[in-house]
Amino acid sequence: MFKTVIQAKKFSKSVAIVLILPCLLASGCTSQENALRLFVASSMTDFMGQISSDHSTTQPATVAEINIAGSGTLLTQLDEGAEADVVILAGRGHMRRLQEMDSFLSPVEFASTSLSVVVSPELATASLSIRDLRAGELQGAACVISAPCGQLAEQFAAAKGLELRSWSREPNVRSVLAKVERGEVDFGFVYRTDFLAAETDIAEIADSGAEAFTTFYSLAVARDTPNMTKAVALVEFITSHEGQSRLRQLGFEVP
Amino acid sequence: MRARLPVRIRLVALGALAFIATPLLSLLWRVPWSRLVDLLTRDVVTDALLLSLISSIAAALAALALGIPLALQLARMNGFAASVVRAVVVLPMILPPVVGGAALLFAFGRRGLVGSVVSDVTGLVVPYTLTGVIVANTFVALPFVVLTVEGALRALDPRFELAAATLGANEARVTFRVVLPMVRPALIAGGFLGWARALGEFGATITFAGNIQGKTQTLPLAVFVALETDREAALAMSVVLISVSLLILVSLRDRWWPVR
Amino acid sequence: MTDSAEFLLDARVVLDRGDLHLDAELQVHHGEVVAVMGPNGAGKTTLLNALLGWLPLRSGWILVDGKAFETPEDDTVTPIHQRGLGMIFQDGLLFPHLKVAGNIRFGAAPDKDLTSIIETLELSNLLHKYPLELSAGQTQRVALARTLAADPKMVLFDEPLASLDVTGRSRARELIGAALSENLSGALIVTHDPADAFALAQRVVVLENGHISQCDSPAAIQSRPQSRWVADLMGWNIFRGVGRGTSIVTPNGTEITTTGLQSDGEVTVMINPASVALFPERPVGSPRNSWLCQVRGVQLLGDIARVSLSGPLDIYADITSSAAAELVLNEGTEIWVTVKATEVHIETRPSVD
């Protein structure tokens with residue numbers, strides 16, 4: 001098969017690479033063996049970003065692998081075999097689904113936020129009310145139903161008699177926020193915390209009644225995680241005084 | 001009889017085919033066949049299918065209408081100018097579709113360079129409409145048409161145009177009665193490649209035209225949404241996408257692929 | 001009202017294309033067929049392309065039937081499709097997506113009657129076929145029909161018979177001749193085959209390295225070639241040597257006597273095989289050029305015998321077959337070869353190597 005020794009050596013080298021590479025890529029062989037694997041709902045992006053880049057605190061999120069996506073997407077990934085040590089989800093329904101998987105310990109609820117109806121900077125000064133949204137001339141956006149924000153928006157629409165057929169459904173709440181901020185849509189359904197985090201001059205519709213629609217955030221630790229100490233340390237931090245005050249600063253409600 | 005290929009090559013070829021076929025077969029294996037009809041008659045599916053067909057065909061036609069003249073021009077250009085034009089044309093193929101969609105927003109969106117002027121003057125807004133879907137699809141389909149047709153045009157002996165001219169044909173007659181008929185296979189191939197690309201487009205559509213059921217939610221978008229909440233509907237729609245594409249590609253046999 | 005022009009085509013084409021500098025002036029009378037001959041790279045196709053308008057002139061003029069198509073000084077250029085010049089390409093260039101009938105009809109006026117053209121070129125049972133299905137000879141006939149159907153003022157041919165085999169060529173020549181004589185407009189035929197020139201043309205223009213070296217009737221070209229290339233084409237003997245007094249001396253020392261004083265430099269000598277005489281014994285009398293040679297071979301070409309000889313000169317002699325029989329020429333036979341000094345031609349227009 002091989003004409004020279006050199007050919008044989010080259011072949012074995014390429015075989016070796018082909019066999020080892022998948023192993024390296026598989027999570028089991030990563031060099032970051034001890035880093036915490038976190039799955040985080042996208043509406044917790046800011047909070048997670050804060051605590052993971054702050055090295056003055058003593059919690060393991062600073063050396064963690066963080067995966068951020070809509071809660072529904074995270075569940076799908078876990079369903080298909082992705083591995084996580086700690087999972088933070090939005091919405092009680094989603095956490096129930098996680099519990100059905102039976103590989104996580106009991107969840108801890110640690111924050112909540114409510115729905116907010118925001119309008120684009122161009123319309124910010126127009127003092128719009130829910131009635132104006134009913135008229136159907138404005139373009140709206142909300143999350144897909146698999147995201148809790150989207151579910152809340154639909155509940156809100158049902159309660160207030162809004163026609164939601166013409167809304168653009170975005171994969172996650174940050175996407176809705178971005179479109180409202182850029183003026184690509186006239187209004188959108190986001191969380192109060194997203195509204196507070198916005199950097200442009202979007203406005204919130206006052207007295208909309210959206211505050212009544214709330215999403216609860218909980219976290220759960222994987223039953224068989226090899227990083228139990230780290231996981232527990234993170235949970236303790238989030239539920240501690242410091243963690244809770246940071247959440248409050250961002251606009252979350254804490255129990 | 002042509003000599004057979006070496007075993008090593010044949011094995012890799014088989015592996016490559018398996019690599020493509022396996023995910024498709026796995027998809028089909030998970031489809032709830034018994035409930036298929038029920039799933040397919042749902043609103044969300046029929047809306048998406050209709051939108052996909054209308055927008056992809058419209059986009060293919062638009063890509064041909066815009067792409068053929070561009071290809072004719074490009075085939076006559078040489079040197080640096082030609083390289084620049086060709087690079088620009090190929091860009092939508094290389095850019096991630098989401099980037100393409102964002103770029104379309106910055107150009108034709110409500111506050112876009114062109115879009116803001118248009119909406120101020122006429123009140124027309126392109127995003128979040130069927131037009132927006134067609135624009136996004138045309139944007140990604142156009143390079144396929146231009147490259148396929150330009151390649152065929154360059155392969156043509158330029159003396160055919162000379163022959164036609166000596167017989168009294170002016171530029172229009174030469175183009176429509178000689179040049180274009182001679183590259184007909186490439187026109188068809190380009191149209192179908194563009195159509196296939198438009199049918200599967202996701203990133204540019206969702207970014208530029210939004211995701212509105214019944215208005216801009218094409219099959220790929222509907223599958224994306226359904227994947228998390230209603231897995232079976234997602235699978236059913238995937239089957240539809242695959243079947244429709246296969247049906248058309250196979251029924252054309254080799255007429256859609258520029259084989260000599 | 002202007003008189004009809006004196007010439008069908010009156011042109012001077014001056015242009016540069018790569019290494020070639022083309023400067024050729026020629027006229028074609030009404031009803032005349034002119035052959036353009038020359039070595040590869042001489043600019044024959046370039047000349048045709050310039051006349052058609054495919055290549056721009058640097059200077060010069062093109063007048064067809066009195067109308068100016070191109071005068072670079074005025075910047076007026078008539079586009080190709082308005083010139084009325086038909087073109088037959090070496091490979092036909094029939095439109096593959098049209099049937100033969102469609103090809104023929106392509107440039108014809110809608111009401112034009114094409115039956116006579118189709119019949120003259122014997123195409124009646126090919127009309128429904130596609131160009132892919134035709135032989136080389138059929139392709140060229142269709143190409144000619146297509147061109148004639150468009151009523152051109154003049155037809156240009158670019159090596160029309162080059163892709164045909166020998167038998168196909170003679171038949172095609174007949175048909176082309178017939179078609180041309182029916183349509184008396186006039187034609188320019190680029191060819192490298194003297195048989196084409198003799199069969200179809202009244203005049204031959206020799207183009208070498210971008211310039212016209214000779215312009216005469218085919219018979220005159222054959223009997224008085226002025227360049228080595230033409231002589232070689234016509235089958236003449238060609239030698240190179242150095243001038244010395246009234247002789248030329250070849251590299252192996254053989255002297256060829258001529259009638260005039262030769263310059264001292266390198267010279268090319270051309271001798272018509274028909275002027276070479278063979279004698280069994282040394283002849284007495286005028287010929288100063290006599291050499292004893294050996295017969296290498298004899299080739300019978302109709303009633304001419306071409307005798308190949310070697311010795312002080314390697315030379316061919318064309319004699320009648322009866323003369324050859326009388327001389328008893330076997331391989332190795334020794335024989336005297338003579339050429340009159342008056343029959344020794346010196347190249348006046350040097351060909352390019």
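As the structure is a computational prediction, the values presented were derived from the model and not from experiment. (Residues numbered from 1 in each chain as written. Chains lettered and ligands numbered in written order. Predicted model: local features only at pLDDT ≥ 70, side-chain atom pairs only at ≥ 80, totals over all residues.)

Enquirer: What's the story with the pairing of strand β8 (residues 154-158) of chain C in this structure? I'm lost.
Expert: Moving residue by residue along a regular strand, the side chains alternate between the two faces of the sheet. Residue and element names in this part refer to chain C. Judged by how many residues are buried, β8 sits mostly within the fold: 5 of 5 residues are covered. By the alternation rule, side chains of β8 split into M154, L156 and D158 and V155 and F157, which are all buried. The pairing of strand β7 (residues 85-88) with β8 spans 4 bridges and is classified as parallel. What sits directly across from I88, in β8, is F157. (Buried ≥ 20, exposed ≤ 12 C-beta atoms within 10 Å, placed from the backbone. Helix = DSSP H or I, 4+ residues; strand = E, 2+ residues; numbered from the N terminus. Pairing = 2+ DSSP bridges.)

Enquirer: Whenever I open this one, the packing of helix α7 (residues 130-155) of chain B against helix α10 (residues 184-199) of chain B confuses me. Can you help?
Expert: To characterise two packed helices, one gives the angle between the axes of the helices and the distance between these axes. Residues and elements named next belong to chain B. In the contact formed by α7 and α10, the axes pass within 8 Å of each other and the chain directions differ by 160°. Judged by the inter-axis angle, α7 sits roughly antiparallel to α10. Regarding α7 and α10, the two cross each other, and that crossing is right-handed. Contacts between α7 and α10 involve N137, V140, A141, F144, V145, T148, V149, G151 and A152 on the former and, on the latter, A186, L187, A189, G190, G191, L193, G194, W195, R197 and A198. Along the lines of polarity and charge, the residues of the contact of α7 with α10 split into 12 nonpolar, 6 polar and 1 charged. (Axes fitted to C-alpha atoms, helices over the stretch in contact; angles between N-to-C directions. Parallel < 35°, antiparallel > 145°, perpendicular 65-115°, else oblique. Left-handed = near helix turned anticlockwise from the far one by under 90°. Contact = placed C-beta atoms within 7 Å. Nonpolar A, V, L, I, M, F, W, Y, C, P; charged D, E, K, R; others polar.)

Enquirer: Whenever I open this one, the confidence of the model for chain A confuses me. Can you help?
Expert: Predicted coordinates in areas of low pLDDT are best not read in detail. All names here are of chain A. Across chain A, pLDDT averages 83, with 85% of residues at or above 70. Of all secondary-structure elements in chain A, the lowest mean pLDDT belongs to helix α1 (residues 5-25), at 60, while strand β7 (residues 187-191) reaches the highest, 93. In this model, residues 27-32 is a region of pLDDT below 50 whose contacts with residues beyond four sequence positions or in other chains number 4 contacts. (pLDDT = per-residue confidence, 0-100.)

Enquirer: What is the right way to read the interface of chain A and chain B from this model?
Expert: Accessible area lost when the parts come together is the quantity often used to give the size of an interface. Every contact between the two is made by 16 residues of chain A and, on the other side, 16 residues of chain B. Secondary-structure elements contributing two or more residues to the side of chain A that touches chain B are α3 (71-79) and β6 (168-170) of chain A. Here the residues of the side of chain A that touches chain B sort into 3 nonpolar, 8 polar and 5 charged.

Enquirer: I would appreciate a short explanation of the domain arrangement of chain A in the present structure.
Expert: Residues and elements named next belong to chain A. When its domains are assigned, chain A resolves into domain 1 (11-112 + 215-250) and domain 2 (114-214). Counting residues at the interface gives 14 residues for domain 1 and 16 residues for domain 2. Contributing elements (two or more residues each) for the side of domain 1 that touches domain 2: α2 (45-53), α3 and β9 (214-221). When grouped by side-chain class, the residues that make up the side of domain 1 that touches domain 2 number 3 nonpolar, 10 polar and 1 charged. (Domains from an automatic or database assignment.)

Enquirer: Before we go on, may I ask you to explain the confidence of the model for chain C in this structure?
Expert: A residue-level look at chain C finds 96% of positions with pLDDT of 70 or above and a mean pLDDT of 87. For this predicted complex, the interface score ipTM comes out at 0.81, while the overall pTM is 0.77.

Enquirer: Any chance you could explain the interface of chain B and chain C here in plain terms?
Expert: Contacts between chain B and chain C engage 13 residues on the former and 16 residues on the latter. Elements with a contribution of two residues or more to the side of chain B that touches chain C: α8 (159-166) and α9 (171-182) of chain B. No other element matches the 6 residues that α8 of chain B contributes to the side of chain B that touches chain C. Of the residues belonging to the side of chain B that touches chain C, the class tally is 9 nonpolar, 3 polar and 1 charged.

Enquirer: Where do I start with the nonpolar core in this structure?
Expert: Within soluble globular proteins, side chains that are nonpolar generally end up buried alongside one another. Membership of the largest hydrophobic core comes to 191 residues, with the highest contact counts inside it found for A141, V149 and M237 of chain B together with V36, A145, I189 and V307 of chain C. Of the residues forming this core, the biggest block, 15 residues, is contributed by α7 of chain B. If we skip the residues at most four places from it in the chain, A141 of chain B touches A59, A60, A63, G194, W195, R197 and A198 of chain B. Ranked by size, the runner-up nonpolar core spans 33 residues in total, among them F39, L74, A84 and A90 of chain A. (Core = buried A, V, L, I, M, F, W, Y, C linked by C-beta atoms within 7 Å.)

Enquirer: Where do I start with the pairing of strand β2 (residues 20-28) of chain C in this structure?
Expert: Residues and elements named next belong to chain C. Bridge analysis of strand β1 (residues 9-17) against β2 gives 9 bridges, and the strand direction is antiparallel. Counted as the bridge partner of R17 is L20 from β2. Between the end of β1 and the start of β2, which pair antiparallel, lie 2 residues, with G18 showing a positive phi angle near 65°.

Enquirer: Sorry, what's going on with the sheet that holds strand β20 (residues 334-339) of chain C here?
Expert: Sheet strands pair by backbone hydrogen bonding; their relative direction is either parallel or antiparallel. Residues and elements named next belong to chain C. As summarised here, the arrangement of the 5 strands in space is β16-β20-β17-β18-β19, forming an open sheet in which the pairing is antiparallel. In this open sheet, the two edge strands, each paired with only one partner strand, are β16 (276-279) and β19 (315-320). Strand-to-strand, the axes of this sheet are offset by a mean angle of 45°, without reference to chain direction. One ladder, built from 7 bridges, connects strand β17 (residues 289-301) with strand β18 (residues 304-310); its direction is antiparallel. Each bridged residue has a counterpart across the sheet, and for L301 the counterpart in β18 is I304.

Enquirer: Which parts of the structure should I look at to understand unusual backbone geometry?
Expert: What you tend to see is this: most non-glycine residues have negative phi, and most peptide bonds are trans. Residues and elements named next belong to chain C. Here the phi dihedral of L93 falls at roughly 55°; this positive angle occurs in a residue that is not glycine. Among the structural elements, L93 can be located in the loop between β7 and α2 (100-105). If you check the backbone angles, E159 has positive phi at about 45° while not being a glycine. By secondary structure assignment, the location of E159 is in the loop between β8 and α5 (166-182).

Enquirer: Even after reading the chapter, I still don't get the sheet that holds strand β13 (residues 247-249) of chain C, so can you show me in this structure?
Expert: All names here are of chain C. Overall, antiparallel pairing links the 5 strands, which are arranged β14-β13-β12-β15-β21 in an open sheet. Strands at the two margins of the open sheet, each flanked by one partner only, are β14 (255-257) and β21 (344-346). Between one strand axis and the next, the sheet turns by 45° as a mean value, whatever way the strands run. Sheet topology places strand β12 (residues 237-244) next to β13; 3 bridges connect them, and they run antiparallel. Each bridged residue has a counterpart across the sheet, and for R244 the counterpart in β13 is S247.

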